[in-house]
Each structure stands twice: as C-alpha cells, then as structure tokens.
Amino acid sequence: MTTPGCPPISSTFEGEEKKRYEETTSFDAEVASNALRLRGRKLTISIAFVAGTGFTLFGYDQGVMSALLTAGQFEKVFPQVVVDSSHPNHATLQSFVVAVYEIGCLMGALSNLWVGDRLGRRRTIVLGGCIMIIGAILQTTSYSYAQLVVARIFTGIGNGFITSTVPSYHAELSSAAKRGALICIEGSLITFGWIDFGLFWASGSSAQWRVPIALQIVLALVMVFGIGFLPESPRWLVKQNRNAEAIAVISALENKSPGDAEVQRTYHAIREAVAIEDFGTSSGLTGKQNIKRSPLRKLLVGGRSQHFRRASLGVIIHIYLYYKFMTILFQRLGLSDVTSRLIAAANGTEYFLASIIAIFIIDRIGRRKLMLFGAVGQCITMILLAVLGSVRGTGAQVVSAVLLFVFNSFFAIGWLGMTWLYPAEIVGLEIRAPANALSTSSNWIFNFVVVMVTGPSFNNISWGTYIVFAALNALIIPVVYFFFPETAGRSLEDMDVIFALAYNEGVSPVGVSLRKDIPLAGSPEADRILGIETIDGKVDTSGKTS
C-alpha cells in the first residue's frame, strides 16, 4: 500500500537509476567526443618532440651568446664586449650581456607563480614561445649595446615561462616507468655548439652573429605550432573540473579504453590529489573546503603534504650550478681563438653524447645514485683542475682541456636532465606550477651570479675559482644522500603517498621512498594514508565519487 501523494518506492528507485544511467551515458559521450587522434606511442613521441624542441630552444639561446662574444663582427658592432688591457672594465660588460638574460628568465619564471595554473600548461608554453620570438627578432636587429641588453631580457622572460612549465607538462603526461628517460632527452637537447663554430668563418659579414641568434625563431615556431596538436595535462584538467577531457587524455596516453581499470586508477589518484587541495588541511580532511591560498602560501604548508619540504628540494637542486662559458674557459687555458672554439664545439658534442647515457639508465638505477655519482666525479675533476691551474706548461693545458670534457661527462650523466626532472616529480599537484616556477627562478638567480662572478673571479684568483666550484660539488653530496627521496618508478601521485606515510610514521621520506611496500596512489590503502577516507569511494565513468 502506498502513501497518498507519494510515488511507489519501486518507481522512485527506477527514477534514480534512470537519472544515474543518463548521467553516465552523457559523460561517456563527452569522453568519446574528446578522444584524441594520437594515442599510445605516437602521442608519447609527439609530446617528447615538442617538449624537446622547447629545451633545445632554451639550451641554444642560453649558449649562443657565450659563443659569439669573441666573434669579430660581434665585437665590431658591440665594442663594449671587447676585453683588453686598455678596457679592463669591459669584462663586467661582457659578463653582463650574457647574465642579463638570466634576469629576464627569472622574471618569467616568477610570473609563472600566478600565471601557470590560470592559463594551463599549453597556453603558458605558447605565451613563452611568442615572447621569445619577439625577443629573438629584437636581438637579431640590434645595433647598440643597450638594445641588445633589452632584447636579451625580453627573450629571457619568454624562456622563464617555458623552462618552468615544460618539465611539469611533460612529467604530467609521462608514465612512471619512462618519465625519467623522456625528460632526460630534454636535458640532452640543451647542448649545441657547431652552428656557432661554422658561422665563425663568416668574418666579413654580420651574419656571423645575426644568423645564429635568428635561428632560435625557427625552434620557437616549431614549439608553438606543435603544441597545438597535443593535449592539455590531465592533472590540470581535473583541477579545472574538466573530467571527461582528463579521462580522454589518460586513455590516449595509456592507449586503453576509458573504462579500463588502470585508466580509472590513474584518474582516481589524480582526483585524490585535487580532493586534498580542495578539502584538505595540513593535518588531513575536515570536510570543509579550504580558504583559497596564494601560490606562495601554498608552498609553506606542512602536515601530510609537506609542501615546504618538497618545494625546498626543487630549489636546492637548481642551486647546484654548472658553468657554461666553455669557449672562454678554453681560451683561459692559453689556446688560440679558433682552437678554443673548435674544442668548445667538440666539447658540446661530447656533452650531448654523454647525456645520452643517462637516458638509458636513469629509470633503472634511480635518481639518487646518478646525482651522487655526478657530484663526486665533478668534485674530483674540479680539484684536479685547480692543481693543474697552478702548474704552467703545455702538458698542464692539454690535461686541463681533457678534464673539462670529463667534468661535462659527469654533469651530463648525473645532473643535466635531473635538475629539470626532479623538481617536477617531487612536488604535489597543488603546488607543482608555483613550486616549479620558484625552483626555476632559483636556477636563473644563481646562474646570473655565476656568470657575473666567474670572469672577474678568474681574473683575480685564477685557478682558485676551481676550488670554489669543488667545494660546491662536495657540499651537495651529503644533502642528496640524507634529504632527497627516490622518485624512480613512482607516479607523481605516489609521491604524495610517500610523504604522507613518512609524516604519519614520523620518519624520513628518504627511507620510505626506498621501501617496496608502498601502496599505489588511487588504492583504498593509499586513501587511508592520505587521510581522505571521508571522500573515498569508487570513481566511475561519470566522473562522480560515490
């Protein structure tokens, strides 16, 4: 018997079931409408190509000016960079025209603290590329030192956006098993050298320096147009509540159907990260949505998320420095202009070849071992360079030149790709964009310092400069060993689980990261570690949590 005015219980259940069915069907249709043409391996290769182009652009633009400083036509247009006995103060001006680029990069990276999550990964990269194109045009058409400096700053702003976004974008679109190798490819593509050497012989025309600078426009155009064919990060899409698009991207990356269990687990893990961001506190869930925090305040949060600690690791790894004035360094060994350029270009080639080694071993050996290997090798190399620097003679020059190759090899294997890979892996979704903006900013700050002080340092303390570099390399060894967790083989969301478990047990995340019993993100066990039982449930294809 039914209550007057009330529908039968059976019809109520049927109505709810029908509504749920319609919602699921509608969501499935939305997922299908967002399906990507590129899938699986083809999509992975396309992403790697475009991301690699962005880092090729970064490496080329950063190194091209160092190689042009002593070109005859460049010195003719910009006499302020000519360093001789009558103009000793030009050493500072020479360093400044290179280092000011880092200031522009710093400005762009810091801007990404507020821009990155608003625009998304793809649009931020496009913005950076367009700014770099304008800056490259201004550099190519420069006829005064002041114009060149302004153009370098402007180009740097664009590069700041790119370098603080591309690693995060690529990491968020890569599988845990291959993420290290894919991003190390980007690191390998930072190296260039032979184009500058080839155009060195065009000594009768300003093409000697204008063409190398203009070539970066081509790379920027390839990146800007190429990314138009690629998907947005599924992590960012979920943050924007564009769940159907996110599932479509995950499905395409894994080349599986949207209903596949692995696709659903990955999607659930990302939703967990967003749930913590929307409802979590430093101590766990309260059931109430958080007050919106500024990007900088997010970085200072502790508790299970350990945002501050994780962001600090990203900053530290970028403070670890590498000096890129190879042409000038070889000249300081007493080599002729042409010989120093030839060896510097060969050094860049060897640098690239050495970096390939890391691509094949980083996901097998892990991040920590490679960083320790690189730091120890570089420290020993710098000590040997200091010893040889105090000895005069042709033999010492030859061995010193070889040791610069050795230093490059250790850096290429242990640190070249790592400085861009690790900061993107170690932080959580909530702070990934601002944290990578901050860590990349630290890179540009300390690069600026190194570029500005190295020239005057060699002029004043000569081989003692190598002692300073050796000390920096020695310092990073215990820091990596005691404070840097292992990220190899872990998904980006797995790192949230590792830091939460370390917090719950009151132990170091380093030890937890080396354990084999950590539950995968997206599993019920991981939910409990993260303290989100109150919202835990099965994530179905309708994009709702039940």
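Here, residues in each chain are numbered from 1, in the same order as that chain's written sequence. Totals for whole chains, interfaces and linings use all residues, but because this is a predicted model, local features are given only for residues with pLDDT of at least 70 and pairs of side-chain atoms are given and counted only at 80 or more. Heavy atoms throughout the structure, all of them, feed into the side-chain values; hydrogens and water do not.

1. Some words on the overall build of the chain
Moving on, step 1. When you go through the chain residue by residue, the secondary structure sums to 25 helices and two strands.
Moving on, step 2. Every one of the 546 residues in the chain was classed for burial, and the buried ones make up 55%.
Moving on, step 3. Two residues form a contact once any of their heavy atoms are found within 4.5 Å. Taking the contacts inside the chain whose residues are at least 6 apart along the sequence as the reference set, 78% of them involve residues at least 24 apart.
Moving on, step 4. If you sum the accessible surface of the chain, you get close to 22,600 Å²; carbon and sulfur atoms cover 66% of it. Put simply, DSSP marks the helices as runs of H or I at least four residues long and the strands as runs of E at least two long, and each gets a number from the N terminus on. Residue exposure (1.4 Å probe, protein chains only): buried if accessible area is under 20% of the type maximum, exposed if over 50%, otherwise partly exposed. Shrake-Rupley sampling with a 1.4 Å probe provides the accessible areas, and residues are treated as covered by the protein chains on show and by no other component.

2. A closer look at the side chain of Thr-124
Moving on, step 1. Following the sequence through the fold, Thr-124 ends up in helix 5 (residues 121-140).
Moving on, step 2. Residue classification places Thr-124 among the buried positions, given a relative accessible area of 0%.
Moving on, step 3. Two N or O atoms form a polar contact when they lie within 3.5 Å of each other; inside protein one atom must be a possible hydrogen donor and the other a possible acceptor, and for residues adjacent in sequence the pair counts only when both atoms belong to side chains. In terms of polar contacts, Thr-124 uses its side chain to reach the backbone carbonyl oxygen of Gly-120, at 2.6 Å.
Moving on, step 4. When neighbours within four sequence positions are excluded, Thr-124 is seen to be in contact with Asn-112, Val-115, Gly-116, Leu-119, Phe-161 and Thr-165.

3. Remarks on the packing of helix 20 (residues 418-426) against helix 23 (residues 492-505)
Moving on, step 1. Interhelical geometry of helix 20 versus helix 23 gives an angle of 60° and a closest axis separation of 8 Å. Seen from helix 20, the contacting residues are Ala-424, Glu-425 and Ile-426; seen from helix 23, they are Leu-492, Met-495 and Phe-499.
Moving on, step 2. Along the lines of polarity and charge, the residues of the contact of helix 20 with helix 23 split into five nonpolar, no polar and one charged. Note on geometry: axes are lines fitted to C-alpha atoms, helical ones only across the stretch in contact, with angles between N-to-C directions running from 0 to 180 degrees. For this scheme, ten residues count as nonpolar: Ala, Val, Leu, Ile, Met, Phe, Trp, Tyr, Cys and Pro. Four count as charged, namely Asp, Glu, Lys and Arg, and the remainder, Gly too, count as polar.

4. Re a nonpolar patch on the surface
Moving on, step 1. On the surface, Phe-49, Val-211, Leu-215, Val-218 and Val-222 cluster together into a nonpolar patch covering about 400 Å² of accessible area.
Moving on, step 2. Per-element accounting of the nonpolar patch gives the leading share, four residues, to helix 10 (residues 207-226).
Moving on, step 3. Its location among the elements puts Val-218 in helix 10. Only residues whose relative accessible area exceeds 30% and that form no salt bridge enter a patch; like-charged residues are grouped when within 9 Å of one another, and nonpolar side chains (Val, Leu, Ile, Met, Phe, Trp, Tyr) when within 5 Å. We define a salt bridge as a contact between a side-chain nitrogen of Lys or Arg and a carboxyl oxygen of Asp or Glu at a distance within 4 Å.

5. Notes on helix 20
Moving on, step 1. Counting buried positions over the nine residues of helix 20 gives nine, a clear majority of the element.
Moving on, step 2. Three or more residues of helix 20 are buried, namely Met-418, Thr-419, Trp-420, Leu-421, Tyr-422, Pro-423, Ala-424, Glu-425 and Ile-426.

6. Considerations on the pattern of salt bridges
Between side chains of opposite charge, a pair can form as their charged atoms come close.
Moving on, step 1. With the rule as written, the count across this model stands at twelve salt bridges.
Moving on, step 2. For Glu-172, the salt bridge identified is with Arg-432, shortest N-O distance 2.8 Å. Taken together, the positions of Glu-172 in helix 7 (residues 166-172) and Arg-432 in helix 21 (residues 432-461) put the pair 260 residues apart, joining distant regions of the chain. Note on accessibility: Glu-172 and Arg-432 belong to one class, buried.

7. Overview of the nonpolar core
Moving on, step 1. Residues belong to one nonpolar core when they are buried, are Ala, Val, Leu, Ile, Met, Phe, Trp, Tyr or Cys, and are joined through side-chain atoms within 4.5 Å. Among the nonpolar cores identified, the biggest contains 110 residues, and Phe-74 and Val-97 are the most heavily contacted of them.
Moving on, step 2. No other element matches the eleven residues that helix 2 (residues 40-68) contributes to this core.
Moving on, step 3. With residues up to four places along the chain from it excluded, the contact list for Val-97 reads Met-65, Leu-69, Val-81, Tyr-145, Leu-148, Val-149 and Arg-152.
Moving on, step 4. Counting ten residues, the second largest nonpolar core, distinct from the first, contains Leu-385, Ala-386, Leu-404 and Tyr-466.

8. Some thoughts on the packing of aromatic side chains
Moving on, step 1. Stacked, tilted and edge-to-face pairs are distinguished by plane angle, under 30 degrees for stacked and over 60 for edge-to-face with tilted covering the rest, among Phe, Tyr and Trp rings (Trp via its six-membered ring) whose centres lie within 6.5 Å. On inspection of all chains with the given rule, the structure shows ten aromatic pairs.
Moving on, step 2. Ring centres 5.4 Å apart and planes at 85° place the aromatic pair Phe-55 and Phe-58 in the edge-to-face group. Placement of the pair is Phe-55 and Phe-58 together in helix 2, with a separation of three residues, close to one helical turn. Here Phe-55 matches Phe-58 in class, with each residue buried.
Moving on, step 3. Ring geometry for Phe-74 and Phe-78: centres 4.8 Å apart, planes at 50°, overall tilted.
Moving on, step 4. Looking at Phe-78, the relative accessible area reads 0%, which means it is buried.

9. Re the environment of Trp-420
Moving on, step 1. Mapped onto the elements of the fold, Trp-420 is located in helix 20.
Moving on, step 2. Distance in space between the C-alpha atoms of Trp-420 and Ser-164 is 8.7 Å, their sequence separation being 256 residues.

10. Details of the environment of Ala-99
Moving on, step 1. Counting through the fold element by element, Ala-99 comes out in helix 4 (residues 90-119).
Moving on, step 2. Note on Ala-99: relative accessible area 0%, which makes it buried.

11. Section: the environment of Phe-410
Moving on, step 1. Assignment of secondary structure puts Phe-410 in helix 19 (residues 394-416).
Moving on, step 2. For the pair Phe-410 and Ala-354, spaced 56 residues apart in sequence, the C-alpha separation works out to 8.1 Å.

12. Overview of the confidence of the model for the chain
Moving on, step 1. Confidence along the chain averages 81 in pLDDT terms, with 77% of residues attaining 70 or more.
Moving on, step 2. When mean pLDDT is taken per element in the chain, helix 5 scores highest with 95 and strand 2 (residues 284-285) scores lowest with 42.
Moving on, step 3. Residue-level confidence of the predictor is summarised by pLDDT, bounded by 0 at the bottom and 100 at the top. The low-confidence segment residues 281-291, where pLDDT is below 50, has 24 contacts with residues more than four positions distant or belonging to other chains.
Moving on, step 4. Across residues 534-546 the pLDDT falls below 50, and counting only partners more than four positions away or on other chains, this stretch makes 36 contacts in the model.

13. Comments concerning the side chain of Thr-487
Moving on, step 1. Looking at the secondary structure, you find Thr-487 in the loop between helix 22 (464-483) and helix 23.
Moving on, step 2. For Thr-487, a relative accessible area of 0% corresponds to the buried category.
Moving on, step 3. At 3.2 Å, the side chain of Thr-487 forms a polar contact with the side chain of Arg-367.
Moving on, step 4. Setting aside residues no more than four positions away along its own chain, Thr-487 makes contact with Arg-179, Arg-367, Tyr-422, Glu-425, Ile-426 and Met-495.

14. Digging into helix 5
Because an α-helix completes one turn every 3.6 residues, residues spaced three or four positions apart along the sequence face the same direction.
Moving on, step 1. Here a helix's expected span is defined as the number of its residues, less one, multiplied by 1.5 Å. Here helix 5 contains 20 residues, and its C-alpha end-to-end distance of 29 Å stays within 8% of the 28 Å for a straight helix at 1.5 Å per residue.
Moving on, step 2. The set of residues buried in helix 5 consists of Arg-121, Thr-124, Ile-125, Gly-128, Gly-129, Ile-131, Met-132, Ile-133, Gly-135, Ala-136, Gln-139 and Thr-140.

15. Overview of unusual backbone geometry
Moving on, step 1. Phi is positive for Asn-241, which is not a glycine, with a value near 65°.
Moving on, step 2. Mapped onto the elements, Asn-241 comes out in the loop between helix 11 (234-239) and helix 12 (243-254).
Moving on, step 3. Taking relative accessible area as the criterion, Asn-241 reaches 59% and is therefore assigned exposed.
Moving on, step 4. The phi dihedral of Ser-462 is positive, around 50°, even though this residue is not glycine.
Moving on, step 5. Tracing the sequence through the fold places Ser-462 in the loop between helix 21 and helix 22.

16. Section: the packing of helix 18 (residues 367-389) against helix 19
Moving on, step 1. Across the interface, helix 18 lies against helix 19 with an axial gap of 8 Å and an inter-helix angle of 165°. Classified by the interaxial angle, the pair formed by helix 18 and helix 19 is roughly antiparallel. Crossing hand, helix 18 versus helix 19: left-handed. Residues Leu-370, Met-371, Phe-373, Gly-374, Ala-375, Gly-377, Gln-378, Thr-381, Met-382, Leu-384, Leu-385 and Leu-388 of helix 18 pack against Ala-396, Val-399, Ser-400, Leu-403, Leu-404, Val-406, Phe-407, Phe-410, Phe-411, Ile-413, Gly-414 and Trp-415 of helix 19.
Moving on, step 2. Grouping the amino acids of the contact of helix 18 with helix 19 by side-chain chemistry returns 18 nonpolar, six polar and no charged. Reported orientations rely on four angle classes, namely roughly parallel under 35 degrees, roughly antiparallel over 145, roughly perpendicular from 65 to 115, and oblique for the rest. Should the near helix be turned anticlockwise from the far one by less than a right angle, the crossing is left-handed, and should it be turned clockwise, the crossing is right-handed.

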